[in-house]
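Take a look at the letters that make up each chain.
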Amino acid sequence: MKKIFILLSFLICSLAYSQNVFWYNVMLEVDSRDASSVAGLIDDFYSNHPKPSNVNVEFSSIPLRAASEKATHIIGFTSESSQSLADYRNSLKGNNWDSYLSEMHKYVKSVRASAGRDLVTNSSKSRLPIGQAWIFKLKNRDLNQTIIAFDKFVKSTQFDGFVSLGQIVHGSENGEGLYTYATYANLNEAFNFGPRTENKEEVAAFKEVFTALDNIEYTRTFTRVLIKRY
């Protein structure tokens, strides 16, 4: 199920822009009648499992998603240290972990995982409760123009939340290997994402991004809403 996208020119270019944010997502499909039981199991385990300070864990619902997206919930792990993230993921084992998985199997209809890294961000440290991801297919390996345009966009545009462009490295399918991601304080802000029309520099930068996106193919989007942060 998992595929690795080895994009040499992409990775070389990312050295100049990378903010070193790594992520690992677990996507869960849960019936609405079982959502509270699953939330309780997740809360009990992750509230008590030791976690380093430089790893973030968030449990969210996915109320807005494409028809092909089965996942209803997501457990997201992020860190600026790939080693810390890997070590934390490897720590998920033992008797408590086995008991947790055994109980989760009673309610979870399907599960999948993916991992990757942000390549360009606005360096915001805000941790807002609503996040939207746009997923793209890669048409070719030369994404330098896209990365440069997005970097210019986030530097010229005012965002209250976190904004990034990144690479799906593991666990993608159908050629999907690139994403953009933004966070918002509320649904109203999510509705109004984009440049301020009165700011010509922001409008020009936004237009340049969409011109650069000719190199990739938009496939789908989903929006998550934070339930609890650990």
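Residues numbered from 1 in each chain as written. Predicted model: local features only at pLDDT ≥ 70, side-chain atom pairs only at ≥ 80, totals over all residues. Heavy atoms only, no water.

A. Highlighting the pattern of salt bridges. Using the criterion set out here, one finds 13 salt bridges in the structure. For R224, the salt bridge goes to E58, with nearest N and O atoms at 3.7 Å. With R224 in strand 8 (residues 216–229) and E58 in strand 2 (residues 55–65), this pair connects stretches of sequence that are 166 residues apart. The class for R224 is buried, based on a relative accessible area of 7%. When its relative accessible area of 16% is taken as the criterion, E58 is described as buried. Of the charged contacts in the structure, one is a salt bridge between E80 and K125, with a shortest N-O distance of 2.5 Å. (Salt bridge = Lys/Arg side-chain N within 4 Å of Asp/Glu carboxyl O. Helix = DSSP H or I, 4+ residues; strand = E, 2+ residues; numbered from the N terminus. Buried < 20%, exposed > 50% of the residue type's maximum accessible area, 1.4 Å probe, protein only.)

B. Broad picture of the pairing of strand 1 (residues 21–30). Here strand 1 lies mainly inside the structure; ten of its ten residues are buried. Burial along strand 1 is two-sided: the face carrying V21, W23, N25, M27 and E29 and the face carrying F22, Y24, V26, L28 and V30 are both buried. Examined bridge by bridge, strand 1 and strand 4 (residues 108–121) share ten bridges and lie antiparallel to one another. Residue N25 lies in a different strand from strand 4, and its bridge partner there is S114. Summarising the sheet, strand 1 and strand 3 (residues 73–79) pair through seven bridges and their orientation is antiparallel. Residue pairing across strands places M27 opposite I74, the latter belonging to strand 3. (Pairing = 2+ DSSP bridges.)

Just distances and angles here, no functional claims.
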